[in-house]
Amino acid sequence: MNNTSGLRAIQVGSGDCTDAAELIRVRGLVQGVGFRPMVWRLARAYGLRGWVANDGQGVTILACGSVAALAAFVEALPDQAPPLARIEAIERESTSKRPDGDDFRIVASHAGSVHTNVVPDAATCPDCLSEIFDPGARRFRYPFTNCTHCGPRLSIIEAIPYDRASTTMRAFPLCVACASEYADPGDRRFHAQPVACQVCGPRAWLEQAASAPLDLAALNALDDVDAACTLIQRGYIVAIKGLGGFQLACDACNDVAVGRLRELKRRESKPLALMARDLDVVRRYCVVSVEEAALLQNPAAPIVILDTNFPARVAASVAPGMASLGFMLPNTPLHHLMMQRMERPMVLTSGNLSDEPQCIENADARTRLGGIADYFLMHDRGIARRVDDSVVRVMAGAPRLMRRARGYAPAPITLPDGFASAPPVLAMGGELKNSFCLLREGQAIMSHHMGDLEDARCHADYLQSVESYLQLFEHGSGIVAVDQHPEYLSRKLGRKMAERHGLFYAEVQHHHAHIAACLAENSIPLEAEPVIGVALDGLGYGADGSLWGGEFFLADYRQCQRLGTFKPVALPGGEQAVYEPWRNTYAQLMAAMDWASFTTNYNALDLYRFLDKKPRDLLDGMIGKGVNSPLASSCGRLFDAVAAAAGVCRERVNYEGQAAVEFEALVERSDLLDEDDAPAYPFAISRIPASGLPCLEPLPMWGKLLDDLIFGTSVALIAARFHKGLAMGIVRMVEELSRSENGKAVNTVALSGGVFQNRILLEQVVMRLQNSGCRVLTQRQVAANDGGLALGQAVVAAARSLAL
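These numbers come from a predicted model, not from an experiment.

## Some remarks on the overall build of the protein chain
Item 1. The helix and strand tally for the protein chain stands at 25 helices and 31 strands.
Item 2. Over its C-alpha trace the protein chain gives a radius of gyration of 28 Å, about what one expects of a compact globule, namely 28 Å for 804 residues.
Item 3. Its C-alpha atoms put the protein chain at 95 × 75 × 55 Å along the principal axes.
Item 4. Scored against the burial criterion, the 804 residues of the protein chain give a buried share of 61%.
Item 5. Roughly 29800 Å² of accessible area belongs to the protein chain as shown, and the carbon and sulfur atoms make up 51% of that amount.
Item 6. Looking at the protein chain, you have 78 positive and 90 negative side-chain charges, and the mean spots of the two groups are 2 Å apart.

Structure representation (structure tokens):
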């Protein structure tokens, strides 16, 4: 298997002697993946003498043999790399050193400055899966079975080099049999740091949340893990200690159990993730394409968002208002064993109260989850850091990360040409859906998903994780990059760190960071020509101190010129408008027409009667005087306004963006494909009076939408016409702005921001831009929402520092 994305080979001073020696350095994801045993086997096959070792920069090899054998050996390294390895560089240097002895050995790790990378956690490999279900195997039904091709990595590692003593497995001394496997270079468990078995390794056990004793015999189960399955089948809620934290599980087809879990977890309506035993079970509930099946079976084992289109149904409360479900397959032996008899999906959501970080310690779980779970499936392997499940959706023909966590983080992202000499940067990320980023030596290391920093527990976890990553990667930051928003907690922390350590401090505008992240992961070189950037999200702090969220830029890594925007409209009540969509509807309508006109033309609508009962005089006064009603050019809030007008989540939402998400879910593909563009709701392009800045004007859209409501048009068709019309308006704005002052067309368009996680809008905009001849850049490796913000902050700060 070739895992050599971005491979470069550097050869220095090789000779022609028959007995040559070389020091060979391999950089990349090469520790903890079985790379040294592969080198050992390959070196023996080519008759080489020497040794291989882990160190702070990756893997170092001293190899001695014929020139031809050395050349063939190095050439074979990429093709023979283990499945989880990713080689980024192979550097060769001739040396006068000679190995002791006539054999090739694997030697102890060398300490040193950290230049290697940590491998993400990986789902159970086929060989280990076969073992746990084989009654004749030594690890039959052992829930912590692993090898160098699978198992925990990020969730157990505490320091580099990656050795057992640097992980939470140091508490479990190896038995004779495991020690033999660990020491045998020919075994796939050679130096597999989490290796263990029933004799010497972690153990799992079942507890009852109440103090009453648990009678396993009455459950008719093979063991405690199997008993957990029986309890879930009987309608109980079980808290399961997984790979990166506790999870709450119940039968996804049991309405009572799911409803009870929602109530106790205080998660009213946000969709819940599901786990299924295998693909056959998933296919009973969802459409699964070849690409989506591959994602489900990938070693990263993410949650994959799938369309529902089959008679089989989970409980309605699993994903209310949605036309999709988030499925994953078992990713650890514990989950595989527990799911073996489960013919239905089970809910598997994070073990916490809503918006808090998930529990990772047994004692903490007993305290915080004791009022939710009926039973606990515990184990005693420590978790070094909490790691959530990753979320992926196939959109516009490619898999795109919606949340980057288990299985993907902290694998590095290779930066484009021009960044190799940039100083180290710590980018703090945003306030919501936070992740942070370490930039160094031409790579960006994105942290796992941290969550919303407004929650005190999440903020504390964020502080700890930043320090942990800095120590883990021995990252000596030269620059701290932050968002410009003065109230972001991440900004305040970044400023304090910069002041305390005497570091350079860089503020990066929110939407510039979005566009820069898109440029970076699409390998746009540092000195490339500017692109048209379209950044659509809920809210971000603008360069002028106002709230932005629907922006068109001429941008590169260093500069970002605002060319156009969505029409700014008041947010009556400020943050209340985020959670009460009708406020946005009212503000939008009053920006498009007055109440008298609305009454005259649309008094027959239920929407009119709804709004007429609200405190309009108070709202009008707030908007007119600018009291707690800031203007915002927010695409996200426009979605909320339109959804509420159509009757979707009109009164209140339980999480940000709920109205827009459920509005998207109503769109029928047939309405998009079968109806031509003429009925799509039109947007005009006007100019903001004070600045003359071009803006996307929704006034004509509102007229057509309200007319459709009068005519009784279905909400699904209204949703389709809005999505299509908005996409057409965005593309028209890009076309108007794409000619620069000197008349030269800007042909490349970068799309970013959380609104572009709307599949319908993304696919419509991409298709129409490509049809107009544009090169379109979108995000895949990092989330388009604020989860990818830190990458953009890091590259903007680095680019500006290189220009000094």
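Having seen the model, we can carry on.
## Concerning the packing of helix 13 (residues 510-521) against helix 25 (residues 789-802)
Item 1. Between helix 13 and helix 25, the least distance of the axes is 7 Å, while the angle of their chain directions is 90°. The orientation of helix 13 with respect to helix 25, classified from their angle, is roughly perpendicular. Between helix 13 and helix 25, the residues in contact are His510, His512, Ala513, His514, Ala516, Ala517 and Ala520 and Leu789, Leu791, Gly792, Gln793, Val795, Val796 and Arg800, respectively.
Item 2. Along the lines of polarity and charge, the residues of the contact of helix 13 with helix 25 split into eight nonpolar, five polar and one charged.

## What about the sheet that holds strand 13 (residues 346-350)?
Item 1. Spatially, the ten strands line up as an open sheet ordered 7-14-8-9-13-10-12-11-15-16, and their pairing is mixed. Of all strands in the sheet, those bounded by a partner on one side alone are strand 7 (204-208) and strand 16 (398-403).
Item 2. Contacting strand 9 (246-251) and strand 13, helix 6 (residues 255-265) crosses the sheet at an angle of about 150° to strand 9.

## Looking at helix 11 (residues 456-472)
Helical periodicity: at 3.6 residues per turn, an α-helix aligns residues three or four positions apart in one direction.
Item 1. When the terminal C-alpha atoms of helix 11 are compared, their 24 Å separation across 17 residues agrees well with the 24 Å that a helix rising 1.5 Å per residue should span.
Item 2. Residues of helix 11 that are buried include every one of Cys458, Asp461, Tyr462, Ser465, Val466, Tyr469, Leu470 and Leu472, and no others. Projection of helix 11 onto a plane perpendicular to its axis shows the buried side chains occupying an angular sector of 165°, all on one side. Facing away from the buried side of helix 11 by over 90 degrees, the exposed positions are Ala456, Gln464 and Gln471.
Item 3. For helix 11, the secondary structure elements touched by its buried residues are strand 18 (425-427), strand 19 (437-440), strand 20 (443-446) and helix 12 (489-501).
Item 4. Glutamate 474 lies just past helix 11 and shows a positive phi near 45°.

## Overview of the pairing of strand 12 (residues 324-328)
Item 1. Among the five residues that make up strand 12, five are buried, leaving the element largely enclosed by the rest of the structure.
Item 2. Residue alternation in strand 12 divides its side chains into two sets, Ser324, Gly326 and Met328 and Leu325 and Phe327, and both sets are buried.
Item 3. Pairing analysis gives two bridges linking strand 10 (residues 274-275) to strand 12, with the strands arranged parallel. In the sheet register, leucine 274 faces strand 12, and the bridge partner there is phenylalanine 327.
Item 4. As paired elements, strand 11 (residues 303-307) and strand 12 share four bridges and run antiparallel to each other. In the sheet register, leucine 306 faces strand 12, and the bridge partner there is leucine 325.

## Side note on the sheet that holds strand 18
Item 1. Taking strand neighbours across the sheet as the criterion, the six strands line up as 17-20-19-18-21-22 in an open arrangement whose pairing is mixed. Either end of the sheet is taken by a strand with one partner, and the two such strands are strand 17 (413-414) and strand 22 (504-508).
Item 2. Examined bridge by bridge, strand 18 and strand 21 (residues 479-483) share three bridges and lie parallel to one another. Within the sheet, the bridge partner assigned to alanine 427 lies in strand 21 and is alanine 481.
Item 3. Sheet strands in contact with helix 12 are strand 18, strand 21 and strand 22, and its direction is about 160° off that of strand 22.

## Concerning the environment of proline 320
Item 1. Residue placement: proline 320 occurs in the loop between strand 11 and strand 12.
Item 2. Since its relative accessible area comes to 25%, proline 320 is described here as partly exposed.
Item 3. Separated by 293 residues in sequence, proline 320 and lysine 613 place their C-alpha atoms 27 Å apart.

## Quick word on the side chain of aspartate 121
Item 1. Within the secondary structure, aspartate 121 sits in the loop between strand 6 (104-106) and helix 3 (126-132).
Item 2. Although aspartate 121 lies buried, it forms no salt bridge, and the closest oppositely charged side chain, arginine 406, sits 6.6 Å away as judged by the N-O distance.
Item 3. At 3.1 Å, the side chain of aspartate 121 and the backbone nitrogen of leucine 154 are in polar contact.
Item 4. A distance of 3.1 Å separates a polar atom in the side chain of aspartate 121 from a polar atom in the side chain of serine 155.
Item 5. Setting aside residues no more than four positions away along its own chain, aspartate 121 makes contact with Gly151, Pro152, Arg153, Leu154, Ser155, Leu243, Pro299, Val387, Arg406 and Gly407.

## Notes on the packing of aromatic side chains
Item 1. Under the defined criterion, the tally for this structure stands at 17 aromatic pairs.
Item 2. Here the aromatic rings of tyrosine 142 and phenylalanine 144 are separated by 5.6 Å at their centres, their planes lie at 70°, and the arrangement is edge-to-face.
Item 3. According to the relative accessible area criterion, tyrosine 142 is buried, its value standing at 3%.
Item 4. Here the aromatic rings of tyrosine 236 and tyrosine 375 are separated by 5.3 Å at their centres, their planes lie at 85°, and the arrangement is edge-to-face. Linking tyrosine 236 in the loop between helix 5 (224-233) and strand 8 (238-241) with tyrosine 375 in strand 14 (residues 375-379), this pair joins segments that are 139 residues apart in sequence.
Item 5. Grouping aromatic residues by their ring pairs yields a cluster made of Tyr586, Trp595, Phe598, Tyr602 and Tyr608.
Item 6. For arginine 650, the ring lying beneath its charged end belongs to phenylalanine 610, and the centroid distance is 5.4 Å.

## Here we look at the confidence of the model for the protein chain
As a note on interpretation, predicted positions should not be read in detail where pLDDT is low.
Item 1. Predicted confidence across the protein chain gives a mean pLDDT of 93, with 96% of residues reaching 70 or more.
Item 2. Segment residues 1-17 is flagged for pLDDT under 50; beyond a separation of four residues in sequence, or across chains, it makes 40 contacts in the model.

## Regarding the packing of helix 19 (residues 635-645) against helix 22 (residues 699-710)
Item 1. At a closest axis distance of 11 Å, the pairing of helix 19 and helix 22 adopts a crossing angle of 20°. Regarding the angle of helix 19 to helix 22, the classification is roughly parallel. Regarding helix 19 and helix 22, the two cross each other, and that crossing is right-handed. Across the interface between the two elements, Leu638, Ala641, Val642 and Ala645 from helix 19 touch Met701, Trp702, Leu705 and Leu709 from helix 22.
Item 2. Its residues assigned to classes, the contact of helix 19 with helix 22 comprises eight nonpolar, no polar and no charged.

## Structural notes on helix 12
Item 1. With 13 residues, helix 12 should cover 18 Å at 1.5 Å per step; its first-to-last C-alpha distance of 18 Å lies within 8% of that length.
Item 2. What helix 12 keeps buried is the set Ser490, Arg491, Leu493, Gly494, Met497 and Ala498. The arc that holds every buried residue of helix 12, seen down its axis, measures 165°, which confines them to one face. Facing away from the buried side of helix 12 by more than 90 degrees, the exposed set consists of Lys496, Glu499 and Arg500.
Item 3. Of the surrounding elements, those touching the buried residues of helix 12 are strand 18, helix 11, strand 21 and strand 22.
Item 4. Looking at the residues trailing helix 12, positive phi occurs at glycine 502, about 65°.

About the thresholds
- Residues numbered from 1 in each chain as written.
- Predicted model: local features only at pLDDT ≥ 70, side-chain atom pairs only at ≥ 80, totals over all residues.
- Heavy atoms only, no water.
- Helix = DSSP H or I, 4+ residues; strand = E, 2+ residues; numbered from the N terminus.
- Rg over C-alpha atoms; globule rule 2.2 N^0.38 Å.
- Buried < 20%, exposed > 50% of the residue type's maximum accessible area, 1.4 Å probe, protein only.
- Areas by Shrake-Rupley, 256 points an atom, 1.4 Å probe, with all protein chains shown as cover.
- Lys, Arg positive; Asp, Glu negative; His and termini not counted.
- Charge placed at Lys NZ, Arg CZ, Asp CG, Glu CD.
- Axes fitted to C-alpha atoms, helices over the stretch in contact; angles between N-to-C directions.
- Parallel < 35°, antiparallel > 145°, perpendicular 65-115°, else oblique.
- Contact = heavy atoms within 4.5 Å.
- Nonpolar A, V, L, I, M, F, W, Y, C, P; charged D, E, K, R; others polar.
- Pairing = 2+ DSSP bridges.
- Expected span 1.5 Å × (residues − 1).
- Arc of directions from axis to C-beta.
- Salt bridge = Lys/Arg side-chain N within 4 Å of Asp/Glu carboxyl O.
- Polar contact = N/O pair within 3.5 Å; in protein donor to acceptor, adjacent residues only side chain to side chain.
- Phe/Tyr/Trp six-rings, centres within 6.5 Å; stacked < 30°, edge-to-face > 60°.
- Lys NZ or Arg CZ within 6 Å of the ring centre and 35° of its normal.
- pLDDT = per-residue confidence, 0-100.
- Left-handed = near helix turned anticlockwise from the far one by under 90°.

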